[in-house]
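Listed below, chain by chain, are the residues.
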Amino acid sequence: MAGFMSRRHAGDEILLPKLPTGREWTPVRHGESGDRVYRRSDGGAYAKIASGKAAALLEGERDRVAWLAPFRLGSPSVCEWIAADEACLVISALPGVPASELSAVDLKKAWPSILRQLKLLHELPTEACPFGRRLASMFDRAADVVRRDAVIRISWPRRIRTLRRANCSTLCGPNCRGT
């Protein structure tokens, strides 16, 4: 599976930020971006490393994370950015358990809070957002993830699985820019 990691990538030690004694970067074994992803051993941060065209995408992710953090919606913050031949983005970890690690029953319990967070995100004033991520471009990105077999398999609630032509503003709110 693309994006699957079982050990460190050669040379990443140079780009990963140095950590205090007793802490280390451990590879994450799943992900959709194709970037090399590491989790700090204390669980407090993640590092993503990208090269080539993916480095520019990672820079965009850094910019979006930095822009969103002051709104205090429960999003991560940028801890460090290192750009050389490759790029490394370090972001704070969020409390909780990744959705990819939840059982179907637990994910169903968590889904209402996920939707609440999406609603809060989509209620931000769109005129203040400097980024455009139209629905068509996100479909293209999703198709790429599927093509690379990098989908994180989770059990979506039946309500979401059965949506055919969901109007994003119905789910997210009146300021949604997804449609």
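Below you will find a few notes about this structure. The structure displayed is predicted, hence computed values, not measured ones.

Turning our eyes to something else, we now look at the overall build of the chain. The secondary structure content of the chain amounts to 6 helices and 5 strands. Going residue by residue from the N terminus, the α and β elements of the chain occur as α-β-β-β-α-β-β-α-α-α-α. A total of 179 residues make up the chain; the buried ones form 26% of that total. Entry remark: accessible area of the chain is about 11600 Å², with carbon and sulfur atoms responsible for 56%.

Take the pairing of strand 5 (residues 86-92) next. Here strand 5 lies mainly inside the structure; 6 of its 7 residues are buried. For strand 3 (residues 45-51) and strand 5, the ladder comprises 7 bridges, and the chain directions are antiparallel. Looking across to strand 5, one finds that I49 is bridged to C88. Counting the residues that bridge the hairpin from strand 4 (residues 78-83) to strand 5 gives 2 residues.

On to the side chain of K48. Structurally, the position occupied by K48 is in strand 3. Within the structure, K48 has its side chain in polar contact with the side chain of E61 (distance 2.8 Å). In contact with K48, other than residues within four places in its own chain, are S33, D35, R36, V37, L58, E61, A87, C88 and L89.

Enumeration according to the criterion identifies 10 salt bridges in this entry. Two residues, D42 and R40, come together in a salt bridge whose shortest N-O distance is 2.7 Å. A salt bridge links R62 to D63; the nearest nitrogen and oxygen atoms lie 2.7 Å apart. Relative accessible area serves as the criterion here: at 19%, R62 is assigned to the buried category.

Definitions and limits used
Residues numbered from 1 in each chain as written. Predicted model: local features only at pLDDT ≥ 70, side-chain atom pairs only at ≥ 80, totals over all residues. Heavy atoms only, no water. Helix = DSSP H or I, 4+ residues; strand = E, 2+ residues; numbered from the N terminus. Buried < 20%, exposed > 50% of the residue type's maximum accessible area, 1.4 Å probe, protein only. Areas by Shrake-Rupley, 256 points an atom, 1.4 Å probe, with all protein chains shown as cover. Pairing = 2+ DSSP bridges. Polar contact = N/O pair within 3.5 Å; in protein donor to acceptor, adjacent residues only side chain to side chain. Contact = heavy atoms within 4.5 Å. Salt bridge = Lys/Arg side-chain N within 4 Å of Asp/Glu carboxyl O.

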